[in-house]
Amino acid sequence: LPAIFLIALTGCTDIKAPTEARLDPFVPPQVVLVNSDLRAHTAIGEPVMTVDRGGILHVTLPVRSTVERKLYVEYRVRFFDKNHQPLGGQGDWLPKILPGNTPDMITTNSTGPGAADFQLDIRWAE
């Protein structure tokens, strides 16, 4: 019986270790272009964040089409608390038309108090 037990133990040593995740060296950006070719057609400015007396986070993002035609895009925003925990869902995709080579902006705000940061995704309109 002890020999069978040793054989059983020997068979257990070929268990593979779990695959460990890699640490992402990049800090998640506040503005993400879902379609990589949007980068060649847009210019994004520095976002401005303000918090009103009720604790609502307001975000203004300067954005511009860099071509001489309108761009039809969509955006969605997610808000995070001070510990970078998400507040609510991802939000719906909202339409935005960027006029040709003219400065514009996307403005949005959190739906409740406690938001300290955001992520805004932009993609081509579907």
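Rules used in this analysis
Residues numbered from 1 in each chain as written. Predicted model: local features only at pLDDT ≥ 70, side-chain atom pairs only at ≥ 80, totals over all residues. Heavy atoms only, no water. Salt bridge = Lys/Arg side-chain N within 4 Å of Asp/Glu carboxyl O. Buried < 20%, exposed > 50% of the residue type's maximum accessible area, 1.4 Å probe, protein only. Pairing = 2+ DSSP bridges. Helix = DSSP H or I, 4+ residues; strand = E, 2+ residues; numbered from the N terminus. Phe/Tyr/Trp six-rings, centres within 6.5 Å; stacked < 30°, edge-to-face > 60°. Lys NZ or Arg CZ within 6 Å of the ring centre and 35° of its normal. Polar contact = N/O pair within 3.5 Å; in protein donor to acceptor, adjacent residues only side chain to side chain. Contact = heavy atoms within 4.5 Å. pLDDT = per-residue confidence, 0-100. Core = buried A, V, L, I, M, F, W, Y, C linked by side-chain atoms within 4.5 Å.

Peer 1: What exactly am I supposed to notice about the pattern of salt bridges here?
Peer 2: Working definition: two side chains of opposite charge can pair if their charged atoms are close together. For the coordinates displayed, the defined rule picks out five salt bridges. The closest approach of N and O atoms between Glu 126 and Arg 123, which form a salt bridge, is 3.6 Å. Classification of Glu 126 by relative accessible area gives exposed; the value is 78%. Residue class for Arg 123 comes out buried when judged on its relative accessible area of 15%. Salt bridges linked by common partners bring Glu 74, Arg 123 and Glu 126 together as one network.

Peer 1: Looking at this structure, how should I read the pairing of strand 3 (residues 48-51)?
Peer 2: Walk down a regular strand and you will see the side chains alternate between the two sheet faces. Across four bridges, strand 3 lies against strand 4 (residues 57-65) in antiparallel orientation. Considered in strand 4, the bridge of Met 49 is made with Val 59. Connecting the antiparallel pair strand 3 and strand 4 is a turn made up of five residues, with Gly 55 showing a positive phi of about 85°.

Peer 1: Any chance you could explain the packing of aromatic side chains here in plain terms?
Peer 2: Describing an aromatic ring pair means giving the distance of the ring centres and the angle of the ring planes. As enumerated under the stated definition, the model contains zero aromatic pairs in all. Lying over the aromatic face of Trp 93, Arg 123 brings its terminal NZ or CZ to 3.8 Å of the ring centre.

Peer 1: Which parts of the structure should I look at to understand the side chain of Ser 65?
Peer 2: Within the secondary structure layout, Ser 65 lies in strand 4. Within the structure, the side chain of Ser 65 is placed 3.2 Å from the backbone oxygen of Val 67, a separation counted as a polar contact. With sequence-adjacent residues up to four places away left out, Ser 65 is seen in contact with His 41, Leu 71, Leu 98, Pro 99, Gly 100, Asn 101 and Thr 102.

Peer 1: Would you mind going over the confidence of the model for the protein chain with me for this structure?
Peer 2: In regions of low pLDDT, the predicted coordinates are not meant to be interpreted in detail. Looking at the protein chain, the pLDDT average stands at 90 and 90% of residues meet or exceed 70. The secondary-structure element of the protein chain with the lowest mean pLDDT is helix 1 (residues 2-11), recorded at 55, while strand 7 (residues 94-98) shows the highest, at 98.

Peer 1: I'm lost on the environment of Pro 95 in this one. Help?
Peer 2: Structurally, Pro 95 can be placed in strand 7. Overall, the relative accessible area of 66% leaves Pro 95 in the exposed class. Expressed as a C-alpha distance, the spacing of Pro 95 and Glu 74, which sit 21 residues apart in the sequence, is 4.4 Å. Contact partners of Pro 95, with chain neighbours within four places excluded, come to Val 73, Glu 74 and Tyr 75.

Peer 1: Would you explain the nonpolar core in this entry?
Peer 2: Across soluble globular proteins, you tend to see nonpolar side chains buried next to one another. Of all hydrophobic cores here, the largest spans 16 residues; its most connected members are Val 73, Phe 79, Ile 106, Phe 118, Leu 120 and Ile 122. Of all the secondary structure elements, the ones that give two or more residues to this core are strand 4, strand 5 (71-80) and strand 9 (117-124). The leading source of residues in this core is strand 5, at five residues.

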